[in-house]
Amino acid sequence: MNINIALLGQVLAGWIVLATGLSVYLSVRKTQTPVLGSILGFVLAFIPPFSLLYLMVLVLKRDVKTASD
């Protein structure tokens, strides 16, 4: 079975966009430094297993209390 490198690149690019978007959303809700969490999520999106672990950690983390709570 041949794997087309262009298709692999498109799948990876789609994963980077999806994982970065999810890490931005979760970082805003669950960390006190959402910019740092978003940058870390973007960097880890290039290595999908690490990105999945990072997203699992963010999902399992409790929400940060805001001033309006």
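Residues numbered from 1 in each chain as written. Predicted model: local features only at pLDDT ≥ 70, side-chain atom pairs only at ≥ 80, totals over all residues. Heavy atoms only, no water.

Draft legend 1. The environment of Leu40, seen in detail. Note on placement: Leu40 falls in helix α2 (residues 34–44). Classification of Leu40 as partly exposed rests on a relative accessible area of 40%. On a C-alpha basis, the gap between Leu40 and Thr20 in space is 8.9 Å, while along the polypeptide they are 20 residues apart. (Helix = DSSP H or I, 4+ residues; strand = E, 2+ residues; numbered from the N terminus. Buried < 20%, exposed > 50% of the residue type's maximum accessible area, 1.4 Å probe, protein only.)

Draft legend 2. A look at the packing of aromatic side chains. Across all of its chains, the model carries one aromatic pair by this definition. Their ring planes at 85 degrees and their centres at 5.3 Å tell us that Phe42 and Phe46 sit as a pair that is edge-to-face. Given a relative accessible area of 44%, Phe46 falls into the partly exposed group. (Phe/Tyr/Trp six-rings, centres within 6.5 Å; stacked < 30°, edge-to-face > 60°.)

Draft legend 3. Main features of a nonpolar patch on the surface. A cluster of nonpolar side chains, contributed by Val35, Ile39, Phe42, Val43, Phe46, Ile47, Phe50, Leu53 and Met56, occupies part of the molecular surface with about 870 Å² of accessible area. Looking at the nonpolar patch, the elements that each hand over two or more residues are α2 and α3 (48–60). Counting residues per element, the nonpolar patch draws most heavily on α2, at four residues. Its place among the elements puts Val43 in helix α2. (Patch = residues over 30% accessible without salt bridge, like charges linked within 9 Å, V, L, I, M, F, W, Y side chains within 5 Å. Areas by Shrake-Rupley, 256 points an atom, 1.4 Å probe, with all protein chains shown as cover. Salt bridge = Lys/Arg side-chain N within 4 Å of Asp/Glu carboxyl O.)

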